[in-house]
Amino acid sequence: MKKEEFLVWFIKFSGILEIFFGITIIAITPLMESLELPNFPFWEWSFGLSLAFMGFLLWFSSKDLERYMIIPVCSIIYRFILSGFELYFALTVPQLFPFLLSGAIYDIISPSLTIYLLQRSGYIFKRKLD
């Protein structure tokens, strides 16, 4: 598999995974109730929908990465910021520690790998020879 083919596959896979995570978060209310954690279903729905739509946009961008590069870049920034919140709440909400720590690890590794693949395929950090 060529570098660019793997990059496109990875962007599609990441988008589908984000959609899955978004739908899962929408359905998390019963888990929150069973753990006796305060919850506000609007949070789960709004965050889940945001994540699902980000996933759809990421998947869509794989059709023409050069044209839609802003989408993977926004996704990278979004997930790096999100990982900080996940780590903070993993430490402050012990009942959700395994879920939030797993999410933070994913949200650090996946965008890091995306940056690496984008750079390796020549989409970002292009070097100009003078």
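For clarity, every value in this text was computed on a predicted model and none was experimentally measured. (Residues numbered from 1 in each chain as written. Predicted model: local features only at pLDDT ≥ 70, side-chain atom pairs only at ≥ 80, totals over all residues. Heavy atoms only, no water.)

On to helix 3 (residues 41–61), then. Over its 21 residues, helix 3 extends 30 Å from the first C-alpha to the last, a length consistent with the 30 Å expected when each residue adds 1.5 Å. By the burial criterion, the buried members of helix 3 are Glu44, Phe47, Gly48, Leu51, Ala52, Met54, Gly55, Leu58 and Ser61. Looking at the buried residues of helix 3, the elements they touch are helix 1 (3–26), helix 2 (29–34) and helix 4 (70–92). (Helix = DSSP H or I, 4+ residues; strand = E, 2+ residues; numbered from the N terminus. Expected span 1.5 Å × (residues − 1). Buried < 20%, exposed > 50% of the residue type's maximum accessible area, 1.4 Å probe, protein only. Contact = heavy atoms within 4.5 Å.)

With that settled, consider a negative patch on the surface. Taken together, Glu4, Glu5, Asp64 and Glu66 make up a surface patch of like negative charges. Relative to the elements of secondary structure, Asp64 occurs in the loop between helix 3 and helix 4. Overall, the relative accessible area of 33% leaves Asp64 in the partly exposed class. (Patch = residues over 30% accessible without salt bridge, like charges linked within 9 Å, V, L, I, M, F, W, Y side chains within 5 Å. Areas by Shrake-Rupley, 256 points an atom, 1.4 Å probe, with all protein chains shown as cover. Salt bridge = Lys/Arg side-chain N within 4 Å of Asp/Glu carboxyl O. Lys, Arg positive; Asp, Glu negative; His and termini not counted. Charge placed at Lys NZ, Arg CZ, Asp CG, Glu CD.)

Our next topic: the packing of helix 1 against helix 3. The interhelical angle for the contact between helix 1 and helix 3, taken along N-to-C directions, is 165 degrees, at an axis separation of 7 Å. One finds that helix 1 runs roughly antiparallel with respect to helix 3. Of the two possible hands of crossing, helix 1 and helix 3 adopt the one that is left-handed. Of the residues in the contact of helix 1 with helix 3, the class split is 15 nonpolar, 6 polar and 3 charged. (Axes fitted to C-alpha atoms, helices over the stretch in contact; angles between N-to-C directions. Parallel < 35°, antiparallel > 145°, perpendicular 65-115°, else oblique. Left-handed = near helix turned anticlockwise from the far one by under 90°. Nonpolar A, V, L, I, M, F, W, Y, C, P; charged D, E, K, R; others polar.)

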